[in-house]
Each structure stands twice: as C-alpha cells, then as structure tokens.
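# Descriptive analysis of the structure
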Amino acid sequence: MSILQVDNLKKYFPIEGGLLFKKIIGHVKAVDGVSFSINKGETLGLVGESGSGKSTVGLMTLRLLNMTDGDILFNGKPISSFDKEEMKQFRLRAQMVFQNPFASLNPRMIIRDTIGRVLKIHGLVKNDDEMDEHILKTLEEVGLKREHLGRYPHEFSGGQRQRIAVARALVSNPEFIVLDEPTSALDVSVQAQILNLFKTLQENRGLAYLFISHNLAVIRHISDRVAVMYLGKLMEYASKDSIFNSPKHPYTQALLRSIPKPFIAGEDIEDKVIKGDIPSPVNPPSGCGFHTRCSMAKDICKREVPEWREIETKHWVACHFA
Ligand code: ADP
Ligand code: MG
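Since this is a predicted model, take the numbers as computed values, not measurements.

In this section: empty space enclosed by the protein. This structure, assessed with the given rule, holds one cavity of 30 Å³ or more. What the largest cavity holds in volume is close to 90 Å³. Around the largest cavity, the lining comprises 14 residues; the ones closest to its centre are Pro250, Cys288, Cys294, Cys301 and Cys319. Grouping the amino acids of the lining of the largest cavity by side-chain chemistry returns 11 nonpolar, three polar and no charged.

Next comes the structure, spelled out in structure tokens:
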C-alpha cells in the first residue's frame, strides 16, 4: 500500500518581465511530468544533478509549494482537496528535514522549545510534564540527552544540529518524511552516522522517506528504490539493485561511471558527472531533454520525447534506445 502517490506532477515557475507593466514572459519548467509512489516504511531515493528539480518535487509532496499540474495522493487522498482538519493532520503526519541545520533551527530558541513547539501549538500534550517526557524520549531516539534540553543551536556541532532537526520532525509522530540532502552539509565522518540514524528510525517507526540527494553513494546506502531525475523529468525508476546493477538509461549509466571507486561516503559526484552543463529549464531541448549530452543520441532523440515505459517488471525508463 503506497503512502504517497505522485502522478504527472508539474511545476512551472513564471518569469516576470516588462519595463513599465509586469508581465509573464516565460516559465521555468522545474518539474515537468513526474510520477512515482512510495510504500509505507520504504525509502525512495530521488537523485540527479543540481537544478534538476528534486527540491521542487519534495516541497510539492508536502504542499509547501503549490503544483502547476498533476496529482499527489497521501494515503489515497488528494492533498489538494484536504479541508482544514485534514490539512492539520497532514502537517503532523508528513514532515521535512532540510539540508542546512544552521538555517532551519531558530538560533534564539532552546532545544526544548524548538522540539516542543509543535506539541504545544497542536495541543498534543496535556501539561508541561507530559511535554518534557515526550521531548526527552524523542531526543534520546536521535542520540541526544536530557542535558541538551536547555541549550541553544550554536552550542552544537553540525551533526548534532541535524539530529535536533530530525527530533523536531519526529515529535509529531509522522509516517512520511522528505529528507532533502540531509547529510550534504555535514562532514564526511558524520554523514554515515546520520544515515544510519535514519535507517534505525525507519526500522523502529516504520517511516517512509523521500530521500533527495545528488550523491549516488549516499542514495545507494539508504534507498530501497531509486528515481533518476534530469531537467524536470524522470529518466529511470526502479529498485536500487536494478538501477545500480543494470541501469538502462544512458544518463544513469553515465552517472554511475562517474562515481569514484571505491565508494567513499560523502564523495561528490557533482561537476565531474557528464561533460557540459544541464540545459536551461526555461528553454529545454526538444525531444529527449538529455540528447544534448548523450553519447548515444540519434536524430529521433532530437525530435521525439521518449515514452515513459515499463521495460521490465517495475523498471521504468524514458529512452528511445533503452
Ligand atoms: P534541485 O533541488 O534538483 O537542485 P530545484 O528544484 O531546486 O533543483 O530547482 C529546479 C529548477 O527550478 C532550477 O532551475 C531552479 O533555478 C528553479 N527554481 C527553483 N525554485 C524556484 C523559484 N521559486 N522560482 C523560480 N525558479 C525556481
Ligand atoms: Mg535541491
């Protein structure tokens, strides 16, 4: 049973221009027809180079950004149709952890208040004692202690700060968390610890994750299934083993060739991936978006958008020659 189902999701950001009177002169096609689903308790890794539209997808799945078109179902219900009460529940059950724990934590709030805020606002606890008990339990789950409750964010290391952000996401007892590059700002030595924390929490709580990263080594470590994104579209979507052992799309193949061997957690693939830059999502290439950088591209790739098809059971690809 899928907890999240995304169908033909699109986000076109308008570009304003005009000298005297503002008018819309074009669109950034940040997300352009993306479909996937996430089952209860599983991790879908969303991977792609910077600018491919990953964060925009993540924000839309939580209704933190409106979609231009498409459908998003949470536990079978369209999130766009939620009434006030359903929206409140959704805000508790679906959470987000961002890349930068320095920016996402309020520097003037002690940890107890940062984590307890949601409990207070939504009246999830009867009194302060119950609140403290709940906060402490959550804090211990992410590897922090009672003595940390009264401290401010600047008193913690980057890794500890990300643990605090995770505790804040957990305290409302979510079923689904979007993790947007949650280890990318951390020291390499700390990254693996935080990834293992995500795994432990998932096992203990049955959480589902949308795990966003440009780092294939990280994606491989954490994901059950993987979706590969390029210029607003999915290129390939399959189980982790299929993606890493038998990638079908030339873009996925090129990404995998670019991973340094042996794997080094935290090693960056970005910028050494594939020659040339990602084209602009304002004027994306005709046909297949990847044809300008694809070593296998033929004439048809410039003319026709490849069909999104299931070439093996639960293995989808958009390529004329896969
Ligand atoms: P990623 O997370 O994969 O790096 P993003 O989703 O952040 O990619 O961005 C995808 C594209 O959408 C980029 O070209 C980016 O510049 C553009 N974009 C993102 N947010 C906005 C916005 N609020 N307004 C206009 N363009 C945006
Ligand atoms: Mg991003």
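Moving on, we come to helix α2 (residues 84-93). Residues of α2 that are buried include every one of Met87, Phe90 and Leu92, and no others. Packing partners of the buried residues in α2 comprise α1 (54-61), β4 (69-74), β6 (94-97) and α4 (111-121). Measuring from the side-chain oxygen of the N-cap residue of α2 to the backbone nitrogen of Glu85 gives 3.2 Å; that N-cap residue is Asp83.

Let's shift gears to the pattern of salt bridges. In total, this model carries 12 salt bridges according to the counting rule given. Note that Glu42 is salt-bridged to Arg225, the shortest N-O span being 2.6 Å. Residue Glu42 is located in the loop between β2 (23-39) and β3 (43-47), and its partner Arg225 is located in strand β9 (residues 225-230); the two are separated by 183 residues in the primary sequence. Residue classification places Arg225 among the buried positions, given a relative accessible area of 17%. The partner of Asp113 in a salt bridge is Arg112, with the nearest N and O atoms 3.7 Å apart.

On to helix α5 (residues 128-141), then. Helix length check: α5 (14 residues) gives 20 Å between terminal C-alpha atoms against 20 Å at 1.5 Å per residue, within 8%. Every buried residue of α5 is listed here: Met131, Ile135, Leu136, Thr138 and Leu139. Along the axis of α5, the buried positions cluster into a sector of 165°, meaning they face one direction only. Counted as exposed and oriented over 90 degrees from the buried face of α5: Asp129, Glu133, Lys137 and Glu140. Contact partners of the buried residues in α5: α4 and α6 (158-170). For α5, the N-terminal cap is Asn127; the gap from its side-chain oxygen to the backbone nitrogen of Asp129 is 3.3 Å.

Turning our eyes to something else, we now look at the site of ligand 1. Surrounding ligand 1, one finds Phe13, Val28, Ala30, Glu49, Ser50, Gly51, Ser52, Gly53, Lys54, Ser55, Thr56 and Pro281. Ser52 has a polar backbone atom sitting 3.2 Å from an oxygen atom of ligand 1. A distance of 3.0 Å is found between an oxygen atom of ligand 1 and a backbone nitrogen or oxygen belonging to Gly53. Considered on its own, ligand 1 offers 560 Å² of accessible surface; in the complex 59% of this is hidden by protein. Going through the elements one at a time, β2 and α1 are the ones with two or more residues in the shell around ligand 1.

Quick look at the sheet that holds strand β5 (residues 77-78) now. Spatial ordering of the open sheet is given by β2-β1-β4-β5, a layout of four strands whose pairing is antiparallel. In this open sheet, the two edge strands, each paired with only one partner strand, are β2 and β5. Here β4 runs beside β5; their pairing, made up of two bridges, is antiparallel. Residue pairing in the sheet places Leu73 in a bridge with Pro78 of β5. Sitting on the sheet, α1 is in contact with β1 (2-17), β2 and β4, with an inclination near 115° to β1.

Let's shift gears to the pairing of strand β10 (residues 233-239). When you tally the buried positions in β10, you get five out of seven residues, the bulk of the element. Bridging between β9 and β10 involves six bridges; their strand directions are antiparallel. Of the residues in β10, the one forming a bridge with Ala227 is Tyr237. Where β9 folds back onto β10 in an antiparallel hairpin, the turn is made up of two residues, including Leu231, whose phi is positive at roughly 50°.

Looking now at the packing of aromatic side chains. The geometry of an aromatic ring pair is captured by two quantities: the separation of the ring centres and the angle between the planes. Here the structure, examined in full by the defined rule, presents nine aromatic pairs. Between Phe74 and Phe90 the ring centres are 4.9 Å apart and the planes differ by 75°, which places this aromatic pair in the edge-to-face class. Residue Phe74 is found in strand β4, and its partner Phe90 is found in helix α2; the two are separated by 16 residues along the sequence. Judged by centre distance (6.4 Å) and plane angle (50°), the ring pair of Phe74 and Phe176 falls under tilted. Of this pair, Phe74 sits in strand β4 while Phe176 is found in strand β7 (residues 176-180), placing the two residues 102 residues apart along the sequence. Clustering of aromatic rings is evident, with ring pairs tying together Phe74, Phe82, Phe90 and Phe176. Over the ring of Phe321 we find Lys298; its NZ or CZ atom is 5.1 Å from the centre of that ring.

Conventions we followed
- Residues numbered from 1 in each chain as written.
- Chains lettered and ligands numbered in written order.
- Predicted model: local features only at pLDDT ≥ 70, side-chain atom pairs only at ≥ 80, totals over all residues.
- Heavy atoms only, no water.
- 1 Å grid on protein atoms, 1.4 Å probe; cavity = no way out; pocket = protein on both sides within 12 Å on 5 of 7 lines; lining within 4 Å.
- Points joined across faces, edges and corners; volume = space filled by probe spheres on them.
- Nonpolar A, V, L, I, M, F, W, Y, C, P; charged D, E, K, R; others polar.
- Buried < 20%, exposed > 50% of the residue type's maximum accessible area, 1.4 Å probe, protein only.
- Helix = DSSP H or I, 4+ residues; strand = E, 2+ residues; numbered from the N terminus.
- Contact = heavy atoms within 4.5 Å.
- Polar contact = N/O pair within 3.5 Å; in protein donor to acceptor, adjacent residues only side chain to side chain.
- Salt bridge = Lys/Arg side-chain N within 4 Å of Asp/Glu carboxyl O.
- Expected span 1.5 Å × (residues − 1).
- Arc of directions from axis to C-beta.
- Near = heavy atom within 4 Å.
- Areas by Shrake-Rupley, 256 points an atom, 1.4 Å probe, with all protein chains shown as cover.
- Pairing = 2+ DSSP bridges.
- Axes fitted to C-alpha atoms, helices over the stretch in contact; angles between N-to-C directions.
- Phe/Tyr/Trp six-rings, centres within 6.5 Å; stacked < 30°, edge-to-face > 60°.
- Lys NZ or Arg CZ within 6 Å of the ring centre and 35° of its normal.

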